[in-house]
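Next come the chains, spelled out residue by residue.
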Amino acid sequence: MKRKAGLVISAVALTGMLLAGCGGKSNSDASSSPSASNSPSASPSASASAPASQAASGGKVEIFSWWTGAGEEAGLKGLIQLFSGKHPEIEVINAAVAGGAGTNAKAVLASRMQGGDPPDAFQVHGGAELNTGWVAADKVIDVNDLYESEGWKDKFPKDLIDLVSKDGKAYSVPVNIHRGNVIFYNKKIFDDNGLKAPTTFDEFFKVADALKAKGITPLALGDKEPWTATMVFENVLLGELGPDDYKKLWNNQLPFDDAKVKKSLETFKKMLGYINQDHAARNWQDAAQLVAKGEAAMNIMGDWAKGYFTTDLKLEANKDFGWVPTPNTTGMFMVITDTFAIPKGAKNESNAKEWLKVLGSVEGQDVFNPLKGSIPARIDADKSKYDVYGQQTIEDFKTAKLAPSMAHGSAAPEGFTTQANQAINIFVTNGDVDQALKALKAAQSSSIQ
């Protein structure tokens, strides 16, 4: 697969998450947002999927994630069912913790890791979240032996392997690839109003004005948890800066108080003039529902929203909803990858490796990703198992210029993302461009080496 690497990993010894313990500072991919217990085993989503009589001979494997809602929960259950079919002797403990984008799960995980009670395998985003956090803190084992035994080195794209590797060693196994730069839109609204999905900022604002004039909310946002607004902003950044300058932000070649970043904030501020008034009371699924129900026209979200549309809401891709890259990002791909790592000190390390083998298999990826809305991380997955969205995205990924997600842990350390979420949350409220610039530059100076 041809692509330009350029997925920049910054080097920091420890993340704020590890230092702060159960501090609740987190970012990333998608799930529902009820509060969670401080103990994964106490969560309503924690369950065993194999009989105790079977587990007695093969032991257990505790799987820690934040996949508790939308298509992600269905995908996780599909993986557990597949694993249990292959290993009926191993009891699977689903220790998922609810909370949008891992908001609660990451704090619980940090507390457990520091307290000497790690799960057997845990969800983590490839990139800085993995490498400048858990790997740099020496909290996870390398899984090079699995890459060798399973023949994965030529089954995953090199750029993706780089995202889960440090100093020549792989530390996690990717189960999917999500695209973060997508506008999902209600096709009926666009067709009824004679509108074409926007691909540039000028087109976006013309379409938004036309929709607003008809009394239709142009852009749905649910920023009850601030990462969703950060996602919109990072896509504006990518569109205004282009992939090369965007990636320079993550190695200090371009400062966050640059004029192009200021222009991005001004464009973002203008976009916020077209969102639903109750955005702060909604999560990402609530915002997606506005589009599904025809109460709003567009939603900027990662393609886990596609999984939500098709798996949960039973909508049909390219009939009930359409999609285009976010403004000015055609030919670009904001990449987010969910992976699983094995902590040092895991009680059931050998069983955890069997779990990772299933995740990395063609069968596992093709069970999970059609439900989740993502595309397979493997280059040899069965394309026929994916709908029109998935097949198009698989092809786009082969040639697109890749960009790491700021909101989802790939571009920068956890400490930066936490500060950026705070800065954007304040900006959505007050619209102060200069204040946001200063806050983002301070975050860059303190967190990106």
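Residues numbered from 1 in each chain as written. Predicted model: local features only at pLDDT ≥ 70, side-chain atom pairs only at ≥ 80, totals over all residues. Heavy atoms only, no water.

Visitor: Explain the overall build of the protein to me, please; I cannot follow it from the model alone.
Guide: In terms of helices and strands, the protein carries 18 helices and 15 strands. Counting only carbon and sulfur atoms, one obtains 48% of the accessible surface of the protein, whose full area is about 16,000 Å². (Helix = DSSP H or I, 4+ residues; strand = E, 2+ residues; numbered from the N terminus. Areas by Shrake-Rupley, 256 points an atom, 1.4 Å probe, with all protein chains shown as cover.)

Visitor: Is there a simple way to explain the packing of aromatic side chains in this structure?
Guide: Geometrically, a pair of aromatic rings is defined through the distance of the ring centres and the angle of the planes. Tallied over the entire structure, the rule returns 26 aromatic pairs. Plain terms: the ring middles of Phe83 and Trp355 are 5.7 Å apart, the flat faces sit at 70 degrees to each other, and that makes the pair edge-to-face. A residue pair is termed long-range when its members are at least 10 positions apart, and Phe83 in helix α3 (residues 70–86) and Trp355 in helix α14 (residues 349–360) qualify at 272 residues. Judged by its relative accessible area of 0%, Phe83 is buried. Take Trp355: its relative accessible area is 0%, and that puts it in the buried class. Measuring from ring centre to ring centre gives 6.1 Å for Tyr147 and Phe156, while their planes differ by 55 degrees; the resulting arrangement is tilted. Taking relative accessible area as the criterion, Tyr147 reaches 2% and is therefore assigned buried. (Phe/Tyr/Trp six-rings, centres within 6.5 Å; stacked < 30°, edge-to-face > 60°. Buried < 20%, exposed > 50% of the residue type's maximum accessible area, 1.4 Å probe, protein only.)

Visitor: Can you help me understand the nonpolar core in this one?
Guide: One recurring pattern in soluble globular proteins is that nonpolar side chains are buried together. Counting 60 residues, the largest nonpolar core has Phe122, Val143, Tyr147, Trp355 and Leu356 as the members making the most contacts within it. When neighbours within four sequence positions are excluded, Val143 is seen to be in contact with Ala170, Tyr171, Ser172, Val173, Ile342 and Leu356. Within the second largest apolar cluster, 55 residues are counted, among which are Val232, Phe233, Met334 and Ala443. (Core = buried A, V, L, I, M, F, W, Y, C linked by side-chain atoms within 4.5 Å. Contact = heavy atoms within 4.5 Å.)

Visitor: Any chance you could explain α14 here in plain terms?
Guide: For an α-helix, the turn length of 3.6 residues means that residues three or four places apart are oriented alike. Helix length check: α14, at 12 residues, gives a terminal C-alpha distance of 16 Å against a target of 16 Å (1.5 Å per residue), a fit within 8%. Residues of α14 that are buried: Asn351, Ala352, Lys353, Trp355, Leu356, Val358, Leu359 and Gly360. (Expected span 1.5 Å × (residues − 1).)

Visitor: Honestly, the confidence of the model for the protein in this entry has me stumped. Any pointers?
Guide: Predicted coordinates in areas of low pLDDT are best not read in detail. Chain-level statistics for the protein give a pLDDT mean of 88 and a share of 86% at 70 or above. Low pLDDT, under 50, characterises residues 1–57; the stretch is placed with 184 contacts to residues that sit more than four places away or in other chains. (pLDDT = per-residue confidence, 0-100.)

Visitor: How do you make sense of the sheet that holds strand β15 (residues 401–404) when you look at a structure like this?
Guide: An order of β8-β13-β15 is seen for the 3 strands of this open sheet, with the pairing classed as mixed. Pairing within the sheet leaves two strands with one partner each, and these edge strands are β8 (178–179) and β15. Here β8 runs beside strand β13 (residues 332–336); their pairing, made up of 2 bridges, is antiparallel. Bridging across to β13, His178 finds its partner in Ile336. (Pairing = 2+ DSSP bridges.)

Visitor: Got a minute to help me understand the sheet that holds strand β9 (residues 182–186) in this structure?
Guide: Backbone-to-backbone hydrogen bonds join strands into a sheet, with any given pair of strands oriented parallel or antiparallel. Spatial strand order, β10-β11-β9-β12: 4 strands in an open sheet with mixed pairing. Bordering the open sheet on either side are β10 (217–220) and β12 (321–325), each of which pairs with just one other strand. Going across the sheet, the axis of each strand differs from the next one's by a mean of 25 degrees, ignoring polarity. Sheet topology note: the β9/strand β11 (residues 296–300) ladder contains 3 bridges and is antiparallel. Residue pairing across strands places Tyr185 opposite Met298, the latter belonging to β11. Relative to the sheet, helix α12 (residues 284–292) contacts β9, β10 and β11, its axis offset from that of β11 by approximately 140 degrees. (Axes fitted to C-alpha atoms, helices over the stretch in contact; angles between N-to-C directions.)

Visitor: Sorry if this is basic, but what is going on with the pairing of strand β3 (residues 91–94) here?
Guide: Within a regular beta strand, the side chains point alternately toward one face of the sheet and then the other, so they alternate between its two faces. Strand direction decides the pairing type here: strand β2 (residues 60–64) and β3, joined by 4 bridges, are parallel. Across the sheet, residue Ile63 finds its bridge partner in β3, namely Asn94. Regarding the hand of the β-α-β motif, the stretch spanning β2, α3 and β3 is right-handed. (Right-handed = clockwise from strand over helix to strand, strands pointing away.)

Visitor: Just to check I follow, could you spell out the environment of Glu203 for this structure?
Guide: Positionally, Glu203 belongs in helix α9 (residues 201–213). Along the chain, Glu203 and Asn328 lie 125 residues apart, while their C-alpha atoms are 9.9 Å from each other. Those residues in contact with Glu203, other than ones at most four positions away along the chain, are Ala197 and Pro198.

Visitor: What exactly am I supposed to notice about the side chain of Gln285 here?
Guide: Along the chain, Gln285 falls in helix α12. When its relative accessible area of 7% is taken as the criterion, Gln285 is described as buried. A polar atom in the side chain of Gln285 sits 3.2 Å from the side chain of Trp284. (Polar contact = N/O pair within 3.5 Å; in protein donor to acceptor, adjacent residues only side chain to side chain.)

Visitor: Even after reading the chapter, I still don't get the environment of Asp120, so can you show me in this structure?
Guide: Relative to the helices and strands, Asp120 is located in the loop between α4 (105–114) and β4 (121–125). Taking C-alpha positions, Asp120 is 8.0 Å from Asn351, a pair spaced 231 residues apart along the chain. Residues in contact with Asp120, not counting those within four places in the same chain, are Lys60, Val61, Glu62, Ala341, Ile342, Pro343, Ala346, Lys347, Asn348 and Ala352. Among the polar contacts made by the side chain of Asp120, one reaches the main-chain amide nitrogen of Lys347 at a distance of 3.3 Å. Polar side-chain contacts of Asp120 include one of 3.0 Å to the backbone nitrogen of Asn348.

Visitor: Is there a simple way to think about unusual backbone geometry in this case?
Guide: Positive phi outside glycine occurs at Asp167, with the angle close to 55 degrees. Here Asp167 shows up in the loop between β5 (165–166) and β6 (169–170). Of note in the backbone geometry, Lys314 takes a positive phi value of approximately 60 degrees without being a glycine. With respect to the secondary-structure elements, Lys314 resides in the loop between α13 (304–312) and β12. For Lys314, a relative accessible area of 64% translates into the label exposed.

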